[in-house]
Amino acid sequence: MNVEDELSLVHQAIKLAEQGHGTAEPNPLVGCIITDRNGVVIGEGFHENFGEEHAEINALNQAGKSAKGGTAYVTLEPCNHQGKTPPCTEALIGSEISRVVIGTKDPHNIASGGIDTLLNAGITVDVLDDALCKELLAPFTRKIQTGLPWITCKWAQTKNGSLETPIGDSPWISSKESQQLVHEERGCIDAIVVGVGTVIADNPSLTVREATPFRTPIRIVIDPNLRSPKEANIFNSEAPTIIACKKGQDTSSFSHCKIVELPSNNGKLELAPLFQHLVSEFDTTHVMVEGGATLFTHIFEQKLANELWIFVAPTVSNTEPIINMNTICKQLDTDCIHKDICGVDTVLRYKINL
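Rules behind the numbers
- Residues numbered from 1 in each chain as written.
- Predicted model: local features only at pLDDT ≥ 70, side-chain atom pairs only at ≥ 80, totals over all residues.
- Heavy atoms only, no water.
- Salt bridge = Lys/Arg side-chain N within 4 Å of Asp/Glu carboxyl O.
- Helix = DSSP H or I, 4+ residues; strand = E, 2+ residues; numbered from the N terminus.
- Buried < 20%, exposed > 50% of the residue type's maximum accessible area, 1.4 Å probe, protein only.
- Contact = heavy atoms within 4.5 Å.
- Arc of directions from axis to C-beta.

(A) Spotlight on the pattern of salt bridges. One pass over the full model with this rule turns up eleven salt bridges. Its salt-bridge partner being Lys134, residue Asp129 comes within 2.7 Å of it at the nearest N-O pair. When the shortest N-O distance is used, the salt bridge between Arg186 and Glu290 registers 2.8 Å. Remark: Glu290 occurs in the loop between strand S13 (286-289) and helix H9 (293-301) and Arg186 occurs in helix H6 (residues 176-186); sequence separation between them is 104 residues. The pair Arg186 / Glu290 is uniform in exposure class, with both members buried.

(B) Geometry of the environment of Gly147. For Gly147, the position within the fold is in the loop between helix H5 (131-146) and strand S6 (150-157). Separated by 137 residues in sequence, Gly147 and Thr284 have C-alpha atoms that sit 9.7 Å apart. What Gly147 contacts, discounting residues up to four positions off in sequence, is Arg142, Phe275, Gln276 and Val279.

(C) Inspection of H6 at higher detail. Those residues of H6 not exposed but buried are Ser178, Val182, His183, Glu185 and Arg186. When H6 is viewed along its axis, its buried side chains cluster within an angular range of 160° and face the same direction.

Here it is as structure tokens:
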């Protein structure tokens, strides 16, 4: 099998791994494909649920005894420690597989070491150091290396960069298809963040609707001076809510939710401590910031965002936005990693180069 074919198998394993989004976290997403000694695929697997079998085990179970003398293609270095499940290196060695091709090394100092263990057992190991495997692993890597979750800023805008619809139109900028896509993603993440202005103006519920809730994201409101109305939908019982406010506020009337007090600098809350709290307290991996424009600006200024997810409607606002999102995007150092059409909207994903 040539190098291109082997790389193709690793990239197929990435597609498998992505199916675990929403159920495998806080573990990393991992996929594995096993071929027999003749290069025929005999087993596929991905890490489906946190605390359950890893990708390599699921692929080995499918391959059975035919794995002997074969090759495993796995997106991440097999784990080498006893956690909720036994080490995957042990299972690979026991299967008498002859070679393991690894997309990228494990950055976790506890789980790593699998490469050396496999080599010591006489198994040939090749590490590709593949960019797409690293991209798949990026949220996990960021969390363990920085103590911060992967932060995606999501918004819908008009073609001319406004977060408001033209006067007289529906309050929804994006199409129903786009709204459905957002709810599907909400059901796979750990937290949704909005500013108090969004709560006052739109009274959102910030829940998962008409999609499978693999997770129930925590609702977080950035509310420096505690202006959130007590009757707001974000205080219903459908999901937990956290209010992030400036230190020294009277929080006595917000006993119905959790309060996180944050330091401020030049009148703006320092948001990194909030996101660090989410990781340390809830093992959070994915956070989606949903606006508004002022909050996005603060997130970008504090260099906390990792990714943009933008839904561009074909409409044009008939008023000039106070904060033009097209202008904001041009000021960021980004790479477009995905472009698609959803309903009538153009959907763009950008990686932010920090």
